[in-house]
There are 2 protein chains.
Amino acid sequence: MNKTEIPDNSLSEQDEVFSLAVDGMGGDGAPEVVVAGLAAAAERHRGIKVLLLGDEAQLRPLLAKYPKAASICTIWHTDQSIPMDMKPTSALRMRQSSMRLAMDAVASGRARGVVSAGNSGAMLALAKIVVKTLPGISRPAMAAISPTIKGDVVMLDLGANVACDWRNLVEFAVMGEAFAKAVLGLPAPSIGLLNIGSEELKGDEKLRVAAEALRESPLASQFHGFVEGHDITAGTTDVVVTDGFTGNVALKTGEGVLKMATTLLRRVFKRGIVSKIGYLLVRPGLERMKEWLDPRRYNGAVFVGLNGVVVKSHGGTDAEGFTAAVDVAMDMVTHGFNDSIRDRLSHMSALLSPQQNAEEREPAVPVS
Amino acid sequence: MNKTEIPDNSLSEQDEVFSLAVDGMGGDGAPEVVVAGLAAAAERHRGIKVLLLGDEAQLRPLLAKYPKAASICTIWHTDQSIPMDMKPTSALRMRQSSMRLAMDAVASGRARGVVSAGNSGAMLALAKIVVKTLPGISRPAMAAISPTIKGDVVMLDLGANVACDWRNLVEFAVMGEAFAKAVLGLPAPSIGLLNIGSEELKGDEKLRVAAEALRESPLASQFHGFVEGHDITAGTTDVVVTDGFTGNVALKTGEGVLKMATTLLRRVFKRGIVSKIGYLLVRPGLERMKEWLDPRRYNGAVFVGLNGVVVKSHGGTDAEGFTAAVDVAMDMVTHGFNDSIRDRLSHMSALLSPQQNAEEREPAVPVS
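What you see is a predicted model, and the numbers here were worked out from it, not measured in a lab.

1. With respect to the overall build of chain A
Stage number 1. The secondary structure content of chain A amounts to 15 helices and 11 strands.
Stage number 2. Long-range pairs, those at least 24 residues apart, make up 73% of the contacts in chain A with a sequence separation of at least 6.
Stage number 3. Looking at chain A as shown, the accessible area adds up to about 14,900 Å², and 51% of this sits on carbon and sulfur atoms.

2. Points about the sheet that holds strand 2 (residues 50–54) of chain B
All names here are of chain B.
Stage number 1. With mixed pairing, the 11 strands of this open sheet are ordered in space as 3-2-1-4-11-10-5-6-9-7-8. Either end of the sheet is taken by a strand with one partner, and the two such strands are strand 3 (73–77) and strand 8 (223–227). Averaged over all adjacent pairs, the angle separating strand axes in this sheet is 25°, with direction ignored.
Stage number 2. As judged from the five bridges shared by strand 2 and strand 3, these two strands associate in the parallel manner. Considered in strand 3, the bridge of Val50 is made with Cys73.

3. Some words on the relation of the copies chain A and chain B
Stage number 1. With an RMSD of 0.0 Å, the operation that places chain A on chain B is a rotation of 180° combined with a shift of 0.0 Å along the axis. Taken together, the rotation and translation describe the operation of a two-fold axis. Closest approach to the rotation axis among the C-alpha atoms of chain A is made by A:Gly278, whose C-alpha sits 2.0 Å away.
Stage number 2. With an isologous cut-off of 70% or more, the 98% of interface residues of chain A that recur at the interface of chain B puts this contact in the isologous class.

4. Observations regarding the pairing of strand 4 (residues 113–116) of chain B
Residue and element names in this part refer to chain B.
Stage number 1. Every second residue of strand 4 is oriented toward a common face, with Gly113 and Val115 on one face and Val114 and Ser116 on the other, all of them buried.
Stage number 2. The pairing of strand 1 (residues 20–23) with strand 4 spans two bridges and is parallel. Each bridged residue has a counterpart across the sheet, and for Ala21 the counterpart in strand 4 is Val114.
Stage number 3. Note that strand 4 and strand 11 (residues 309–312) share four bridges and pair parallel.

5. Topic: helix 10 (residues 244–269) of chain B
Residue and element names in this part refer to chain B.
Stage number 1. Across its 26 residues, helix 10 extends 37 Å between first and last C-alpha, which sits within 8% of the 38 Å expected from 1.5 Å per residue.
Stage number 2. Most of helix 10 is tucked away, with 19 of its 26 residues classed as buried.
Stage number 3. Capping the start of helix 10 is the job of one residue whose side-chain oxygen sits 3.0 Å from the backbone nitrogen of Phe245: Asp243.

6. A word on a positive patch on the surface
Stage number 1. On the surface, a cluster of positive charge is made up of A:Arg266, A:Lys270, A:Lys276 and A:Lys290.
Stage number 2. Using a relative accessible area of 58% as the deciding quantity, one classes A:Lys290 as exposed.

7. Points about helix 1 (residues 32–44) of chain B
Residues and elements named next belong to chain B.
Stage number 1. With 13 residues, helix 1 extends 19 Å between its outermost C-alpha atoms, agreeing within 8% with the 18 Å of an ideal straight helix rising 1.5 Å per residue.
Stage number 2. Three or more residues of helix 1 are buried, namely Val33, Val34, Val35, Ala36, Gly37, Leu38, Ala39, Ala41 and Ala42.
Stage number 3. Residues of helix 1 that are buried make contact with strand 1, strand 2, helix 2 (56–65), helix 3 (67–70), strand 3 and helix 12 (319–334).

8. Some details on the pairing of strand 2 of chain B
Residue and element names in this part refer to chain B.
Stage number 1. Among the five residues in strand 2, five count as buried, and that is most of the element.
Stage number 2. Taken together, the four bridges between strand 1 and strand 2 define a ladder with parallel strand orientation. Each residue of the ladder has a partner; that of Ala21, found in strand 2, is Leu51.
Stage number 3. With helix 1 bridging strand 1 and the parallel strand 2, this β-α-β connection has right-handed handedness.

9. What to know about the interface of chain A and chain B
Stage number 1. In this complex, chain A contributes 59 residues to the contact, which on the side of chain B involves 58 residues.
Stage number 2. Interface area, chain A with chain B, both sides summed: about 4,900 Å², of which 76% is carbon and sulfur.
Stage number 3. Summed over the shared surface of chain A and chain B, the number is two salt bridges.
Stage number 4. Across the pair A:Glu228 and B:Lys252 runs a salt bridge whose closest N-O atoms are separated by 2.3 Å.
Stage number 5. Counting every contact that joins chain A to chain B gives eight residue pairs in polar contact (both at pLDDT 80 or more).

10. What to know about a nonpolar patch on the surface
Stage number 1. On the surface, A:Ile273, A:Val274 and A:Ile277 cluster together into a nonpolar patch covering about 280 Å² of accessible area.
Stage number 2. Along the chain, A:Ile273 falls in helix 11 (residues 272–293).

11. Looking at the sheet that holds strand 4 (residues 113–116) of chain A
Residues and elements named next belong to chain A.
Stage number 1. Pairing within the open sheet is mixed, and its 11 strands lie in the order 3-2-1-4-11-10-5-6-9-7-8. A single partner strand is all that each edge strand has here, and the edge strands are strand 3 (73–77) and strand 8 (223–227). Within the sheet, the average angular offset between the axes of one strand and its neighbour, ignoring direction, is 25°.
Stage number 2. Packed on one face of the sheet, helix 7 (residues 166–184) meets strand 5 (141–147), strand 6 (152–156), strand 7 (191–194), strand 9 (239–241) and strand 10 (301–304) and runs near 150° to strand 6.
Stage number 3. Across the sheet, helix 12 (residues 319–334) lies against strand 1 (20–23), strand 4, strand 10 and strand 11 (309–312), angled at about 165° from strand 11, the strand it touches most.

12. Some points on unusual backbone geometry
Stage number 1. Cis rather than trans, the peptide bond between A:Leu156 and A:Asp157 has omega equal to -5°.
Stage number 2. Turning to its location among the elements, A:Asp157 is positioned in the loop between strand 6 and helix 7.
Stage number 3. Put simply, B:Ala30 and B:Pro31 share a cis peptide bond, and its omega is 0°.
Stage number 4. Among the secondary structure elements, B:Pro31 is positioned in the loop between strand 1 and helix 1.

13. Description of the pattern of salt bridges
Residue and element names in this part refer to chain B.
Stage number 1. Following the criterion strictly, the structure yields 24 salt bridges over all chains and no others.
Stage number 2. One salt bridge in this structure joins Arg44 and Asp327, with 2.2 Å as the shortest N-O distance. One end of the pair, Arg44, is in helix 1; the other, Asp327, is in helix 12, and 283 residues separate them in sequence.
Stage number 3. Judged by relative accessible area, Asp327 falls into the buried class, the value being 15%.

14. Observations concerning the packing of aromatic side chains
Residues and elements named next belong to chain A.
Stage number 1. Enumeration according to the criterion identifies two aromatic pairs over all chains in this entry.
Stage number 2. Consider the rings of Phe179 and Phe337, whose centres lie 6.1 Å apart with planes at 80°: the pair is edge-to-face. Of this pair, Phe179 sits in helix 7 while Phe337 is found in helix 13 (residues 337–346), placing the two residues 158 residues apart along the sequence. For the pair Phe179 and Phe337, one class covers both residues: buried.

15. Re the confidence of the model for chain A
All names here are of chain A.
Stage number 1. The share of residues in chain A with pLDDT of 70 or more is 89%, and the mean pLDDT across the chain is 86.
Stage number 2. Taken together, the stretch residues 1–12 has pLDDT below 50 and engages in 30 contacts with residues farther than four places along the chain or on a different chain.
Stage number 3. Predicted confidence for residues 355–368 stays below pLDDT 50, and this span has 16 contacts to residues more than four positions away or in other chains.

Definitions and cut-offs
- Residues numbered from 1 in each chain as written.
- Chains lettered and ligands numbered in written order.
- Predicted model: local features only at pLDDT ≥ 70, side-chain atom pairs only at ≥ 80, totals over all residues.
- Heavy atoms only, no water.
- Helix = DSSP H or I, 4+ residues; strand = E, 2+ residues; numbered from the N terminus.
- Contact = heavy atoms within 4.5 Å.
- Areas by Shrake-Rupley, 256 points an atom, 1.4 Å probe, with all protein chains shown as cover.
- Pairing = 2+ DSSP bridges.
- Axes fitted to C-alpha atoms, helices over the stretch in contact; angles between N-to-C directions.
- Least-squares fit on C-alpha atoms with pLDDT ≥ 70 in both.
- Buried < 20%, exposed > 50% of the residue type's maximum accessible area, 1.4 Å probe, protein only.
- Expected span 1.5 Å × (residues − 1).
- Polar contact = N/O pair within 3.5 Å; in protein donor to acceptor, adjacent residues only side chain to side chain.
- Patch = residues over 30% accessible without salt bridge, like charges linked within 9 Å, V, L, I, M, F, W, Y side chains within 5 Å.
- Salt bridge = Lys/Arg side-chain N within 4 Å of Asp/Glu carboxyl O.
- Lys, Arg positive; Asp, Glu negative; His and termini not counted.
- Charge placed at Lys NZ, Arg CZ, Asp CG, Glu CD.
- Right-handed = clockwise from strand over helix to strand, strands pointing away.
- Buried area = accessible area lost by both parts, 1.4 Å probe.
- Phe/Tyr/Trp six-rings, centres within 6.5 Å; stacked < 30°, edge-to-face > 60°.
- pLDDT = per-residue confidence, 0-100.

If you want it as structure tokens, here you go:
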């Protein structure tokens, strides 16, 4: 780990372990949104200790403005930060960026998790290289929480892996289940595998093999089987597992439909004086609905399958959204998210071994 | 073509060509929903002639009840029909089903298109075998119209092809463009290829090769490039092209989100007397919004790439929805949908030839 400068107040206790390392410079509203978000987090999480990476000249006045944030933060100065549009390959070469130093802190055990609202591509690349993949996991995935009619659903992968094989899907199920336990607090989350129907000719071979493997695994009792697109918001299962391409399209399609509905609804309420009065009468209910669907409540996509907690806040988030991302990270740190995955994997290693795959699991007939 | 029985009034003019062959027995509400839907279609489409396949004992009293339908229909009796839950393989063995006879009528040139609200899997299988694929098209696809903030969008494939290569995607673009011309009446529809971002590391090779092929094709000026999930409802392009797995998930996810929004909204309006009054005030606007998003307006998924017009109505549709499916079929028949595809393909055959593919288009680097 390469430290550029250690301010007087930081890292004086050499053995101090921080709850989180936070990238102070990542995101459209950084650094103020980050510091304001941490101020709210200070009230929600007792005993939280944050290592705040970034430009001290910008961060210190903000900590003065938000004393609650100051009470939990230790600044670690660096003047490098990764621009939002920088390619991952270039970002990897920047050794002193605030995002990299935050990852370094997790890798060295100095912090238990990292939160950044910065460049997603750079974050995934750095997480893989610096924090590294959990033993027994072939590829990290991106998970997030979404609203349903009943409650919340954990969905993964949301774009980290464009192409997946059946083993990746089974690993996603393991990671998604641990995530739903840690963040949604469910004792035995149910798991669905996203498909396009249950008919004989539908779906592809990797889905059928993954389903078969899950039915024989310690997760069998929680595995619901195949689910379809409409099951995501119906809350049919607590976890929905899919490849990164499909998951990303589903997530963004859902966001688009919600935006369309909101836009059309706004037009309805602006349609003349009578509608405007109607709007005023239903507004309290609408506010509650808006809160339920508020993307900020769901801010915090998580890279799961890494040797540490890595949470990505949306780049365009406000302080409230950033606090939500910190909440997710703290839930994962506090509830032993990775321990839960490790424990589960130790009971599934035979199932996921390549030998087993070669002999028993490869489809006999190639998929058309 | 195997005729079971020809009632007195049918096929008396041996050269008569019907606009559509309609499966009178397909769908949850058949046969009444079908006949009622045809009654409304009779008013909308001047000169429409329908060959109605099904059980005469059930159909004739309904035609007496709906004289407008009677004025356009010729019954062709058969007492076989395909149950909604029958497997495609079994359905193919049923030679005298109302759905099969409707397809036969198209294959023999007796009708220009077919509409059925029956079993989807059976319908796709029968369409491929009886109506057959258009020369130059490797695989038929399933297309449909969806609402956006701006207008309508044509999306395909929605589930006919789980796995696709770049050439399939280019063919879908050709078919989707012709569909948008015929059904939406657009002179030069824009085309987007569904992906998960435009960044270097995102998407897969078949998408990049398909995009490159479209940029060099006669459709180049209409090709917008990659679009993402949220672009579907934003109306970024008139046509969205994707593989059948992703398209099916996106469609059903969108339907699910819309259903969630509607359910939450209903709760808002039922929240006490004040909200109920508010609801009454905004109801006219809400009705318009509901109409805009009405699934019946979008009823009629089309199997494109076949030697005839094949339209699938939703199995659970009402009469109004069935009329919408007939509208789609009539638009395609009237506006020379297949001629438009044939014309376009004749200018693209070199581009789509396997030789070209082998030499120039195969990705140099395998996709990870």
